[in-house]
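If you want the building blocks of each chain, they are given just below.
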Amino acid sequence: MINLKTRLLASALAAAVLAGLTPSVAVGQTAPGTSVAQAGAPAEQPRARNVILFLADAAGVSTLHAASVMAYGEPLRLHIQQWPNLGLSETSPVDNFVSDSANGMSSIMTGVKTRNGVISQSPTAVRGQQDGEPTRTLLEYAEARGLLTGVVSSQSIADATPAATYAHSNDRGKWGEIFPQAFTPRFGDGVDVLFGAGRARIGEQLTARGTSFDALSQAHDRPIYDSLDAAPQGNRRPVVVADRIDVAAASLRALELLQQSPEGYLLVIEWDAHTDDARKGLQNVADFDRLIREIESRVDLNDTLLIFTADHSFGLQIDGGRRGEDVMQGYDAWKASGADDDLVRLEHVMVNRTHTAEEVPVLAIGAGSDRVRGYFPNTHLFRIMMDAYGWSATGGQ
């Protein structure tokens, strides 16, 4: 009798799975309107009025560990490593094991895995050749609901990670096609605060398409400033495309502007953490962590969700060293040599200068942060943030 009941239960479960899962869900995508909250999560959770997503590009588990050791001489000293909620996010695209930033961030922002090189489009896209369906981003949901939105990046504001928040393209390299989409939103009035770098290359591609920063500014009655200092304090919807950007100053200014929203806000901040140059990448992580600590001190965690994660991992590891010694011994000699090998061998650190496939950390605190737990596909982060706001994904795009 027990065996019969077990077989009947298994059959019923199998039928439910076949009825409820599409192939896209099976590879980690989130079907519109469905919740993939982890089993055992509390039924009642506080709703977030605001969400801040901190994206450290290429900051896997080993990178966070190394940043703590380099900056403080000990593991587990980063501020984010003290946050109470931790998960591990699987980052692969639909066809490969290793992700780039385009698929990685698109998956987080839309709940749909795609292909490397593709910006917030379905996996029917063929990079550089064929568009997929545009997949609706969290920022677009926020805009449709009247929230203020902001995107800050240490990199080009048209590069893959920031672009995945506001644009849709079959090729992450089409900066001249991507950037103008910030001014022609599909929902709401578009990104309210946009701060990033990449001015020269974006400008070149705009010119090749027969337009320019000035032309975009005039057409949309919205100045595009070349530095943070050039943007007047009275401008409540500033756009800055600089050659380089001070991420900390830009982020704090963005936060100040967005906190004036009566409906709440979404703020996405990217800081590059690639460790091709190990000391530079790890210092970026340490600086980002200090910025996150400062931002946390300026928000109310009762109504604000803070999430830290990465779009993919990177091939760095500490494989030696002792407490009291500089873990970066050998770095200065490597830097002076001008070597550009794919494999970097310091005394205690080895860097395989490429993206890697292992899961990346997700750390969270604040309203709705209890949803961050266990292993999950990166698409689940979209659902975590949507659930924190109390929103349901709608059908269609």
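Residues numbered from 1 in each chain as written. Predicted model: local features only at pLDDT ≥ 70, side-chain atom pairs only at ≥ 80, totals over all residues. Heavy atoms only, no water.

A. Local environment of the overall build of the protein. From N to C terminus, the protein includes 13 helices and 13 strands. The buried share of the protein, reckoned over its 397 residues, is 54%. Relative to all contacts within the protein whose residues are 6 or more apart in sequence, the contacts with residues 24 or more apart total 72%. Entry remark: accessible area of the protein is about 16,800 Å², with carbon and sulfur atoms responsible for 51%. (Helix = DSSP H or I, 4+ residues; strand = E, 2+ residues; numbered from the N terminus. Buried < 20%, exposed > 50% of the residue type's maximum accessible area, 1.4 Å probe, protein only. Contact = heavy atoms within 4.5 Å. Areas by Shrake-Rupley, 256 points an atom, 1.4 Å probe, with all protein chains shown as cover.)

B. The sheet that holds strand β6 (residues 239–241), seen in detail. In space, the ten strands of this open sheet follow the order β5-β6-β4-β3-β7-β1-β8-β12-β2-β13, with mixed pairing throughout. Looking at which strands have only one partner, the edges of the open sheet turn out to be β5 (224–225) and β13 (374–377). In the sheet, strand β4 (residues 193–197) pairs with β6 via three bridges, with the strands oriented parallel. The residue bridging Gly196 from the neighbouring strand is Val241, located in β6. (Pairing = 2+ DSSP bridges.)

C. Structural detail: the confidence of the model for the protein. Confidence in the prediction for the protein averages 91 pLDDT; 88% of positions are at 70 or higher. Low pLDDT, under 50, characterises residues 1–42; the predicted model gives this stretch 38 contacts beyond four residues in sequence or across chains. (pLDDT = per-residue confidence, 0-100.)

D. Inspection of the pattern of salt bridges at higher detail. Summed over all chains, the structure comprises 16 salt bridges. We note a salt bridge from Glu140 to Arg186, for which the minimum N-O separation is 2.9 Å. On the criterion of sequence distance, the pair formed by Glu140 in helix α5 (residues 138–144) and Arg186 in the loop between α7 (175–178) and β4 is long-range, its members being 46 residues apart. Ionic pairing is found between Arg237 and Asp192, a salt bridge with its closest N-O pair at 2.8 Å. With Arg237 in the loop between β5 and β6 and Asp192 in the loop between α7 and β4, this pair connects stretches of sequence that are 45 residues apart. Members of the salt-bridge network, linked through shared partners, are Asp100, Asp159 and Arg172. (Salt bridge = Lys/Arg side-chain N within 4 Å of Asp/Glu carboxyl O.)

E. Representation of the side chain of Gln181. Looking at the element boundaries, Gln181 is found in the loop between α7 and β4. Once residues lying within four places of it in the same chain are set aside, the contact partners of Gln181 are Tyr166, Ala167 and His168.

F. Region of the structure containing the pairing of strand β1 (residues 50–57). Along β1, eight of the eight residues are buried, which leaves the element largely enclosed by surrounding structure. For β1 and strand β8 (residues 304–309), the ladder comprises six bridges, and the chain directions are parallel. The partner of Asn50 across the bridge, within β8, is Thr304.

G. Molecular detail of the sheet that holds strand β11 (residues 349–356). Strand order across the open sheet formed by three strands is β9-β11-β10, with antiparallel pairing between neighbours. Each edge of the open sheet is held by one strand with a lone partner, namely β9 (313–318) and β10 (343–345). Taking the axes of each pair of neighbouring strands and ignoring which way they run, one obtains an average angle of 15° across the sheet. The pairing of β10 with β11 spans three bridges and is antiparallel. The residue bridging Arg345 from the neighbouring strand is Met350, located in β11. (Axes fitted to C-alpha atoms, helices over the stretch in contact; angles between N-to-C directions.)

H. The arrangement of helix α11 (residues 278–297) in detail. In this model α11 runs 29 Å from its N-terminal to its C-terminal C-alpha over 20 residues, within 8% of the 28 Å that 1.5 Å per residue would give. Every buried residue of α11 is accounted for by Ala278, Gly281, Leu282, Asn284, Val285, Ala286, Phe288, Asp289, Leu291, Ile292, Ile295 and Glu296. (Expected span 1.5 Å × (residues − 1).)

I. Looking closely at the side chain of Ser106. Looking at the secondary structure, you find Ser106 in helix α4 (residues 101–110). With relative accessibility at 1%, the residue Ser106 sits in the buried group. For Ser106, the residues in contact, after removing those within four places along its chain, are Ser101, Gly111, Val112, Thr114, Val118, Ile119, Ser120 and Ala164.

J. Structural detail: the nonpolar core. The biggest cluster of nonpolar side chains holds 57 residues, and the ones touching the most others in it are Ile52, Phe54 and Phe308. The element best represented in this core is α11, accounting for seven residues. Contacts of Phe308, omitting those with residues within four sequence positions, involve Phe54, Ala56, Ala59, Leu64, Ile80, Trp83, Phe288, Ile292, Pro361, Val362 and Leu363. With 54 residues, the next largest nonpolar core counts Ala160, Ile178, Val362 and Phe382 among its residues. (Core = buried A, V, L, I, M, F, W, Y, C linked by side-chain atoms within 4.5 Å.)

K. Here's a closer look at the packing of aromatic side chains. Here the structure, examined in full by the defined rule, presents eight aromatic pairs. A ring pair is formed by Phe179 and Phe213, whose centres lie 5.8 Å apart and whose planes are at 75°; its orientation type is edge-to-face. Here the residue Phe179 occupies a position in the loop between α7 and β4, and Phe213 occupies one in helix α9 (residues 213–220), the gap between them amounting to 34 residues. A relative accessible area of 0% places Phe179 in the buried class. With centroids separated by 5.7 Å and ring planes inclined at 45°, the aromatic side chains of Tyr331 and Trp334 adopt a geometry described as tilted. Of this pair, Tyr331 and Trp334 both sit in helix α12 (residues 331–337), three residues apart, roughly one helical turn. We note that Tyr331, like Trp334, is buried. Among the aromatic residues, ring-to-ring pairing joins Phe54, Trp271, Phe288 and Phe308 into one connected group. (Phe/Tyr/Trp six-rings, centres within 6.5 Å; stacked < 30°, edge-to-face > 60°.)

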